[in-house]
Amino acid sequence: QVQLVESGGGLVQAGGSLRLSCLASGLTFSFSSYAMGWFRQAPGKERDLVAGFMRNGIYYADSIKGRFTISRDDAKNTVTLQMNSLKPEDTAVYYCASRRDYSGRYYSLKDYAYWGHGTQVTVSS
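Here we summarise the structure given alongside this text. (Residues numbered from 1 in each chain as written. Predicted model: local features only at pLDDT ≥ 70, side-chain atom pairs only at ≥ 80, totals over all residues. Heavy atoms only, no water.)

**A short note on the nonpolar core**
The biggest cluster of nonpolar side chains holds 29 residues, and the ones touching the most others in it are Met 36, Trp 38, Ile 70, Val 79, Leu 81, Met 83 and Tyr 94. Among the elements of the structure, strand E3 (18–25), strand E4 (35–41), strand E5 (48–54), strand E7 (68–73), strand E8 (78–83), strand E9 (92–99) and strand E11 (119–124) are those that each provide at least two residues to this core. With four residues, the top contributor of residues to this core is E3. In terms of nonpolar packing, the next biggest core, distinct from the first, is built from eight residues, Ala 35, Leu 49, Tyr 95 and Tyr 112 among them. (Core = buried A, V, L, I, M, F, W, Y, C linked by side-chain atoms within 4.5 Å. Buried < 20%, exposed > 50% of the residue type's maximum accessible area, 1.4 Å probe, protein only. Helix = DSSP H or I, 4+ residues; strand = E, 2+ residues; numbered from the N terminus.)

In structure tokens, the structure reads:
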């Protein structure tokens, strides 16, 4: 089965940067045929999409637009989230997610079949 493993989380001061990586394994098809997204969830809050590769391009949530950059390397089965100018409100567990169907736009966590276990990002003020 498909497995996703996140790495790169940690503690950083406001204004700093972190780079999150997600490695996919157990793929039956080419990695390029999988939609990929990054979600985050803070305690007591919903798990929301922050960035993802959609049929019509790259999606960024308004809260992180201009600060985060998502990229993928299909040859290495990886997707990366470069996070700059971090704010305390970015503190959350960040999850890598994927689905085999790459034909549409996928904004909800219910759209994704495969999930990593998450990596903690903490931004201090």
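There is more to say, and it comes next.
**What to know about the state of the cysteines**
In protein chemistry, a disulfide is the covalent bond that joins the sulfur atoms of two cysteines. Enumeration according to the criterion identifies one disulfide in this entry. A sulfur-sulfur distance of 2.1 Å marks the disulfide that ties Cys 22 to Cys 96. Since a negative S-S torsion denotes a left-handed disulfide, the Cys 22-Cys 96 link at about -75° is left-handed. On the criterion of sequence distance, the pair formed by Cys 22 in strand E3 and Cys 96 in strand E9 is long-range, its members being 74 residues apart. Of the two residues examined, Cys 22 and Cys 96, each falls in the buried class. (Disulfide = S-S within 2.5 Å.)

**Observations regarding the environment of Gly 10**
Secondary-structure assignment places Gly 10 in strand E2 (residues 10–13). Of the residues examined, Gly 10 reaches a relative accessible area of 24% and is grouped as partly exposed. Each C-alpha atom of the pair Gly 10 and Leu 20 lies 9.6 Å from the other, and the pair is 10 residues apart in sequence. Aside from chain neighbours lying at most four places away, what touches Gly 10 is Leu 18, Gln 120, Val 121 and Thr 122. (Contact = heavy atoms within 4.5 Å.)

**Overview of the packing of aromatic side chains**
Centre distance and the angle of the planes are the two values used to describe a pair of aromatic rings. Under the defined criterion, the tally for this structure stands at six aromatic pairs. Aromatic side chains Tyr 106 and Tyr 112 sit 6.5 Å apart centroid to centroid with 75° between the ring planes, which places their arrangement in the edge-to-face category. Each of the two residues, Tyr 106 as well as Tyr 112, counts as buried. Here a set of aromatic residues connected by ring pairs shows up, and it is made of Phe 39, Tyr 95, Tyr 106, Tyr 112 and Trp 115. Over the face of the ring belonging to Phe 29 we find Arg 100, whose NZ or CZ atom lies 3.9 Å from the ring centre. Positioned over the ring face of Tyr 34 is Arg 100, at 5.7 Å from the centre of the ring. (Phe/Tyr/Trp six-rings, centres within 6.5 Å; stacked < 30°, edge-to-face > 60°. Lys NZ or Arg CZ within 6 Å of the ring centre and 35° of its normal.)

**Some words on the environment of Phe 29**
Position of Phe 29 among the secondary structure elements: in the loop between E3 and E4. Distance in space between the C-alpha atoms of Phe 29 and Val 79 is 16 Å, their sequence separation being 50 residues. Residues within four places of Phe 29 in sequence aside, it is in contact with Tyr 34 and Arg 100.

**A few points about the pattern of salt bridges**
With the rule as written, the count across this model stands at five salt bridges. In this structure, Asp 90 engages Arg 40 in a salt bridge whose closest nitrogen and oxygen atoms are separated by 2.9 Å. Linking Asp 90 in the loop between E8 and E9 with Arg 40 in strand E4, this pair joins segments that are 50 residues apart in sequence. Each member of the pair, Asp 90 as well as Arg 40, is classed as buried. Here Asp 62 ties to Lys 65 by a salt bridge, and the two come within 3.2 Å at their closest N and O atoms. Considered together, Asp 62 and Lys 65 belong to a single accessibility category, that of exposed residues. One network of salt bridges, in which partners are shared, links Arg 40, Arg 67 and Asp 90. (Salt bridge = Lys/Arg side-chain N within 4 Å of Asp/Glu carboxyl O.)

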